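Understanding the architecture of this molecule
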Amino acid sequence: MEFLQTLWEYLLHMDVHLEQIIDNIGIFAYLAMGFVVFAETAFVVTVFLPSDAVLFAACALASVNNSLNFPLLLVVFAVAAALGDSVNFCIGRKLRNAVNNNQKILFIKSSNLEKATLMLERTKGTAVVIGRFVPLLRSLAPFVTGTSDKSYEWFIKHNAIGVVIWSVLYCCIGYFFGNIPFVKDYFGTIVLGFSALTILTAIISALISKFVLKK
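This section reports on the structure supplied with the text.

Turning our eyes to something else, we now look at the nonpolar core. Of all hydrophobic cores here, the largest spans 31 residues; its most connected members are M14, L18, M33, L68, L73 and F77. Residue assignment for this core shows that the elements contributing at least two residues are α2 (18-25), α3 (29-42), α4 (51-65), α5 (70-94) and α10 (152-178). Setting aside anything within four residues of it in sequence, one finds M33 in contact with M14, L18, V54, A58, L68, L73 and F77. F89, L120, V128 and V144 belong to the second-largest nonpolar core, a separate cluster that totals seven residues.

This is the structure we're talking about:
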């Protein structure tokens, strides 16, 4: 039980425990970080995982003490994100009939599903691209696209744009800030502060939904 509690703590706050994780499992830390990014969108209900903060913390750490390889991080995060979104899309495709028949999907609020569906219809591919930057939409956009009449090829084309922009942007921000002396001196505090900023994404999500749905 204690092991499971520790594992849960590391998954929820991997950005905070990143240095300790690297010390404990070495190169396998890449797999652990990749799993968090993958799982956040792959399983729809794991939106609480801190992928944004993991990207920032990992790349800042790569800049601070070279314990991680920056180009490899870019590849790992981009591939993990794309795979997670693809799995999510496939789950949506499997549940397509249930969703279209208005059946209740376990762990997914009908109101959120309806908003994401309407947003996808009104913004078309834009919702898939910008969904990468909004936690709730990030997990719902691939699923909703899977329940729609859009093909997997259509989804991959738009999703790839969002994945590339998201992974490059967050990784570069982390790496750039990691080179700042102040960040090097207060790395732990900065990471915690960045994690707190993820709350703003929820606000952005609400504003985007309100704006789109009013049209």
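On we go from here.
Moving on: the packing of aromatic side chains. Working definition: an aromatic ring pair is given by the centre-to-centre distance plus the angle between the planes. One pass over the structure, following the stated rule, counts eight aromatic pairs. Between the aromatic rings of F38 and F43, the centroid separation amounts to 5.7 Å while the plane-to-plane angle is 85°, which identifies the pairing as edge-to-face. Put simply, the rings of F56, F176 and F177 touch in pairs and so form one group of aromatic residues. Between R132 and the ring centre of W166, over which it is positioned, the NZ or CZ distance is 4.4 Å. The side chain of K150 reaches across the aromatic face of W154, ending 4.9 Å from its centre.

Here the focus is the packing of α3 against α5. The relative placement of two packed helices comes down to the angle between their axes together with the axis-to-axis distance. Between α3 and α5, whose axes approach to 7 Å, the crossing angle comes to 30°. Comparing the axis directions of α3 and α5 gives the class roughly parallel. Handedness of the crossing formed by α3 with α5: right-handed. In this structure, α3 uses Y30, M33, G34, V37, F38, T41 and A42 to contact α5, whose residues at the interface are L72, L73, V76, F77, A80, A81, L83, G84, D85, V87, N88 and I91.

Our focus in this paragraph is the pattern of salt bridges. The tally for this structure, following the rule as stated, stands at three salt bridges. Across the pair R138 and D52 runs a salt bridge, and its minimum N-O distance is 3.0 Å. Taken together, the positions of R138 in helix α9 (residues 135-147) and D52 in helix α4 put the pair 86 residues apart, joining distant regions of the chain. Comparing R138 with D52, the two get one shared label, buried. Three or more residues joined by partner-sharing salt bridges are found here, namely E40, D52 and R138.

Packing of α5 against α10 leaves a shortest axis separation of 9 Å and a crossing angle of 145°. Pair α5 / α10 crosses with right-handed handedness. Facing α5, whose interface residues are F70, L74, F77, A78, A81, A82, D85, S86 and F89, α10 presents Y152, F155, I156, N159, V163, W166, S167, V168, C171, C172 and Y175. In the contact of α5 with α10, the residues fall into 16 nonpolar, three polar and one charged.

Let us look at the environment of L72. Its place among the elements puts L72 in helix α5. By relative accessible area, which is 36% here, L72 ends up partly exposed. In the structure, L72 is positioned 42 residues away from Y30 in sequence and 8.6 Å away in space, judged by C-alpha atoms.

Along α2, the residues that are buried comprise L18, I21 and I22. Down the axis of α2, the buried set is contained in an arc of 100°. They therefore lie on one face. Exposed side of α2, more than 90 degrees from the buried face: D23 and N24 are the residues found there. After α2 finishes, the residue G26 shows a positive phi value of roughly 60°.

Locating S63 in the fold gives a position in helix α4. Here S63 falls in the buried class, since its relative accessible area comes to 7%. A polar contact of 3.1 Å, which involves the side chain of S63, links it to the backbone oxygen of Y175.

Rules used throughout
- Residues numbered from 1 in each chain as written.
- Predicted model: local features only at pLDDT ≥ 70, side-chain atom pairs only at ≥ 80, totals over all residues.
- Heavy atoms only, no water.
- Core = buried A, V, L, I, M, F, W, Y, C linked by side-chain atoms within 4.5 Å.
- Buried < 20%, exposed > 50% of the residue type's maximum accessible area, 1.4 Å probe, protein only.
- Helix = DSSP H or I, 4+ residues; strand = E, 2+ residues; numbered from the N terminus.
- Contact = heavy atoms within 4.5 Å.
- Phe/Tyr/Trp six-rings, centres within 6.5 Å; stacked < 30°, edge-to-face > 60°.
- Lys NZ or Arg CZ within 6 Å of the ring centre and 35° of its normal.
- Axes fitted to C-alpha atoms, helices over the stretch in contact; angles between N-to-C directions.
- Parallel < 35°, antiparallel > 145°, perpendicular 65-115°, else oblique.
- Left-handed = near helix turned anticlockwise from the far one by under 90°.
- Salt bridge = Lys/Arg side-chain N within 4 Å of Asp/Glu carboxyl O.
- Nonpolar A, V, L, I, M, F, W, Y, C, P; charged D, E, K, R; others polar.
- Arc of directions from axis to C-beta.
- Polar contact = N/O pair within 3.5 Å; in protein donor to acceptor, adjacent residues only side chain to side chain.

Read these as spatial facts, not as claims about activity.
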